[in-house]
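Read off the chains here:
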Amino acid sequence: MAIKTHFKSTKKLTSIKPIKKVSKAKAHEIMELLCKEYPDADCELVFKSDFQLLISVILSAQTTDKQVNKVTPALFKKFPTAQKLAEADLNEIKEIIRPTGYYNSKSTNIQHCAQELIKNYQGQVPSNLEELTKLPGVGRKTANVVLGIVHKIPGWTVDTHVQRLSKRLGFTQEKDPHKIEIALQKLFPNRDWSKLSITLIWHGRRVCFAKSPNCKGCPVNHLCPSSLI
Ligand code: SF4
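Here is what the cut-offs are and how they apply
Residues numbered from 1 in each chain as written. Predicted model: local features only at pLDDT ≥ 70, side-chain atom pairs only at ≥ 80, totals over all residues. Helix = DSSP H or I, 4+ residues; strand = E, 2+ residues; numbered from the N terminus. Rg over C-alpha atoms; globule rule 2.2 N^0.38 Å. Buried ≥ 20, exposed ≤ 12 C-beta atoms within 10 Å, placed from the backbone. Contact = placed C-beta atoms within 7 Å. Expected span 1.5 Å × (residues − 1). Arc of directions from axis to C-beta. Axes fitted to C-alpha atoms, helices over the stretch in contact; angles between N-to-C directions. Parallel < 35°, antiparallel > 145°, perpendicular 65-115°, else oblique. Nonpolar A, V, L, I, M, F, W, Y, C, P; charged D, E, K, R; others polar. Core = buried A, V, L, I, M, F, W, Y, C linked by C-beta atoms within 7 Å. Domains from an automatic or database assignment. Left-handed = near helix turned anticlockwise from the far one by under 90°. pLDDT = per-residue confidence, 0-100.

*Asks:* I keep staring at the overall build of the protein and nothing clicks. Help me out?
*Replies:* When you go through the protein residue by residue, the secondary structure sums to eleven helices and zero strands. Its helices and strands taken in sequence order, the protein reads α-α-α-α-α-α-α-α-α-α-α from the N to the C terminus. Relative to the compact-globule value of 17 Å for 229 residues, the protein shows a C-alpha radius of gyration of 19 Å, a close match. Oriented by its inertia axes, the alpha-carbon framework of the protein measures out at about 55 × 35 × 35 Å. Counting the 229 residues in the protein, one finds 37% classified as buried. For the protein, the share of sequence-separated contacts (at least 6 apart) that also reach a separation of at least 24 residues comes to 64%.

Structure follows, in structure tokens:
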């Protein structure tokens, strides 16, 4: 899809006051407009199996999907399945995933995760939140991404973008990711959760930047309580 380019605002969001919550109707209007802006919003990680998606999402912590996509072709060429990754030399994994940062803990996590999949799930990715979040390196955020894409089970992916935007847009004043998830669950219908998560993530990556949001080029600047224009 063609991405619109906008001038970045030099203004910053410096308010320390909690942003006023918007009504449910306004929240729905905002998300309708954002969904129209990003009709093709989808996961930007590249993977060929459920297992590869799970490992890619674990690697995406504290880095970008772009960076993950740079290392996973080599990683999955060498270790395409849970069995292969479970038996791999840990130092080899570390070397390959080093550019994603935190490579010591990430390499241990993905290998232990692969070992758990072999031991308890015949190498398959489990289909519920409880089992997924017991795997090494898998929190609610990772589990919800995997459940949404692999098993088509709707869920909110409360990553850094969803945390920031849900506050700026006045959807919630909560700070804790799990509390934000619950607030968003109450605000929007269950069937839309995954689609709305990825839409907010795309808006955060392209327009509503952490430091200098591009309010001038934002399609919801007339509705957003944090708009700088
Ligand atoms: S107007 Fe748009 S870019 Fe600006 S803070 Fe609100 S959502 Fe973010």
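*Asks:* I keep staring at helix α1 (residues 24-37) and nothing clicks. Help me out?
*Replies:* Every α-helix carries 3.6 residues per turn, so stepping three or four residues along brings you back to the same face. Counted at 1.5 Å a residue, the expected span for α1 with its 14 residues is 20 Å, and the 20 Å between its end C-alpha atoms agrees. Among the residues making up α1, those that are buried are Ala27, Ile30, Met31 and Leu34. Along α1, the residues classed as buried sweep out an arc of 95° about the axis, all on the same side. Of the exposed residues in α1, those oriented more than 90 degrees away from the buried face are Ala25, Glu32 and Lys36.

*Asks:* Looking at this model, I keep getting lost on the packing of α1 against helix α11 (residues 193-206). Mind explaining?
*Replies:* Relative placement of two packed helices is described by the angle separating their axes and the distance separating the axes. Relative to each other, α1 and α11 sit at 70°, their axes nearing to 10 Å. Judged by the angle between their axes, α1 and α11 are roughly perpendicular. Where α1 abuts α11, its residues Met31, Leu34 and Cys35 lie against Leu196, Thr199 and His203. Of the residues belonging to the contact of α1 with α11, the class tally is four nonpolar, two polar and no charged.

*Asks:* Can you help me understand the nonpolar core in this one?
*Replies:* Ranked by internal contacts, the top residues of the largest apolar core, which has 29 residues, are Leu54, Ile58, Ile110, Cys113 and Val146. Among the secondary structure elements, those contributing two or more residues to this core are α2 (50-59), α3 (65-78), α4 (82-86), α5 (90-97), α6 (103-121) and α8 (140-150). The leading source of residues in this core is α2, at seven residues. Cysteine 113 has contacts with Ile58, Leu135, Pro136, Gly137 and Val138, leaving out every residue within four places of it along the chain. Ranked by size, the runner-up nonpolar core spans 27 residues in total, among them Phe171, Ile180, Phe188 and Cys215.

*Asks:* Sorry if this is basic, but what is going on with the domain arrangement of the protein here?
*Replies:* Note on interface size: it is often stated as the accessible area lost on association of the parts. By the assigned domains, the protein splits into domain 1 (24-42 + 155-217) and domain 2 (50-150). When each unit is reduced to the centre of its C-alpha atoms, the spacing between domain 1 and domain 2 is 26 Å. Every contact between the two is made by eight residues of domain 1 and, on the other side, six residues of domain 2. Of the residues belonging to the side of domain 1 that touches domain 2, the class tally is two nonpolar, four polar and two charged.

*Asks:* It is not clear to me how the packing of α2 against α3 should be interpreted in this structure. Could you clarify?
*Replies:* Their axes nearest at 11 Å, the elements α2 and α3 cross at an angle of 135°. It follows that α2 is oblique to α3 by the angle criterion. The interaxial crossing formed by α2 with α3 has right-handed handedness. Contacts between α2 and α3 involve Gln52, Ser56 and Leu59 on the former and, on the latter, Val68, Thr72 and Phe76. Residues of the contact of α2 with α3, tallied by class, amount to three nonpolar, three polar and no charged.

*Asks:* Is there a simple way to think about the confidence of the model for the protein in this case?
*Replies:* When pLDDT is low, close inspection of the predicted coordinates is not appropriate. Looking at the protein, the pLDDT average stands at 93 and 93% of residues meet or exceed 70. Taken as a whole, residues 1-10 scores under 50 in pLDDT and shows 19 contacts with residues more than four places along the chain or in a different chain.

*Asks:* Looking at this model, I keep getting lost on helix α10 (residues 177-187). Mind explaining?
*Replies:* What α10 keeps buried is the set Ile180, Glu181 and Leu184. Each buried residue of α10 lies within a common arc of 105° when the element is viewed along its axis, so the set occupies one face. Seen from the open side of α10, the exposed residues pointing more than 90 degrees away from its buried face are His178 and Lys186. Looking at the buried positions of α10, the neighbouring elements they touch are α8 and α9 (160-168).

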